[in-house]
Amino acid sequence: MAGERLEAVSTHPAVHAFLSWDETYRLYNLLFWNYSTKPVEVDIRWEDVPRNLRVRKIALDAATPSSDENHRLRPIGRLRVAAGAGGAQAALDPYGVEFWYFED
């Protein structure tokens, strides 16, 4: 992840996150993970989104026996974000990691 680091707050002790704005590619990048042996439901909220955006979601499959990123990085869907405030949910497996990028 490159660019300006933005605030990302977690209220769950096992869930952590990084958020950044990449001016070069004009993307918001969100990386979040569950550092726990138990699955967790994550409620992701945002505010002050400057324009309508598309979100592409990718999960890291750390359990796959292959070291090939084509097997480990798995697209898990898309969504649209309207300007302003909003939110979405995610289910993280034990030690699960997801990367979402928000683009025009």
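For the structure itself, look to the data block above.
Structure report, in brief.

All right, on to the nonpolar core then. Ranked by internal contacts, the top residues of the largest apolar core, which has 17 residues, are Ile 44, Trp 46, Trp 100 and Phe 102. Looking at which element gives the most residues to this core, the answer is strand β4 (residues 40-49), with 5 residues.

Quick look at the layout of surface pockets now. Here the largest pocket is characterised by a volume of approximately 790 Å³. Around the largest pocket, the lining comprises 27 residues; the ones closest to its centre are Ala 8, Val 9, Ile 44, Arg 45 and Trp 46. By residue number, the principal contributor to the lining of the largest pocket is β4, which donates 10 residues. Looking at the lining of the largest pocket residue by residue, the class counts come to 18 nonpolar, 3 polar and 6 charged. In this structure, the second largest pocket encloses a volume near 220 Å³. Contributions of two or more residues to the lining of the second largest pocket are made by β5 (53-60), β6 (73-81), β7 (84-92) and β8 (97-103). In terms of residue class, the lining of the second largest pocket is built from 10 nonpolar, 1 polar and 4 charged.

Across all of its chains, the model carries 6 aromatic pairs by this definition. Their ring planes at 80° and their centres at 5.4 Å tell us that Phe 32 and Trp 100 sit as a pair that is edge-to-face. One end of the pair, Phe 32, is in strand β3 (residues 27-34); the other, Trp 100, is in strand β8, and 68 residues separate them in sequence. Comparing Phe 32 with Trp 100, the two get one shared label, buried. Here the aromatic rings of Tyr 35 and Tyr 95 are separated by 5.7 Å at their centres, their planes lie at 80°, and the arrangement is edge-to-face. Taken together, the positions of Tyr 35 in the loop between β3 and β4 and Tyr 95 in the loop between β7 and β8 put the pair 60 residues apart, joining distant regions of the chain. Among the residues examined, Tyr 95 registers a relative accessible area of 45% and is labelled partly exposed.

What counts as what
Residues numbered from 1 in each chain as written. Predicted model: local features only at pLDDT ≥ 70, side-chain atom pairs only at ≥ 80, totals over all residues. Heavy atoms only, no water. Core = buried A, V, L, I, M, F, W, Y, C linked by side-chain atoms within 4.5 Å. Buried < 20%, exposed > 50% of the residue type's maximum accessible area, 1.4 Å probe, protein only. Helix = DSSP H or I, 4+ residues; strand = E, 2+ residues; numbered from the N terminus. 1 Å grid on protein atoms, 1.4 Å probe; cavity = no way out; pocket = protein on both sides within 12 Å on 5 of 7 lines; lining within 4 Å. Points joined across faces, edges and corners; volume = space filled by probe spheres on them. Nonpolar A, V, L, I, M, F, W, Y, C, P; charged D, E, K, R; others polar. Phe/Tyr/Trp six-rings, centres within 6.5 Å; stacked < 30°, edge-to-face > 60°.

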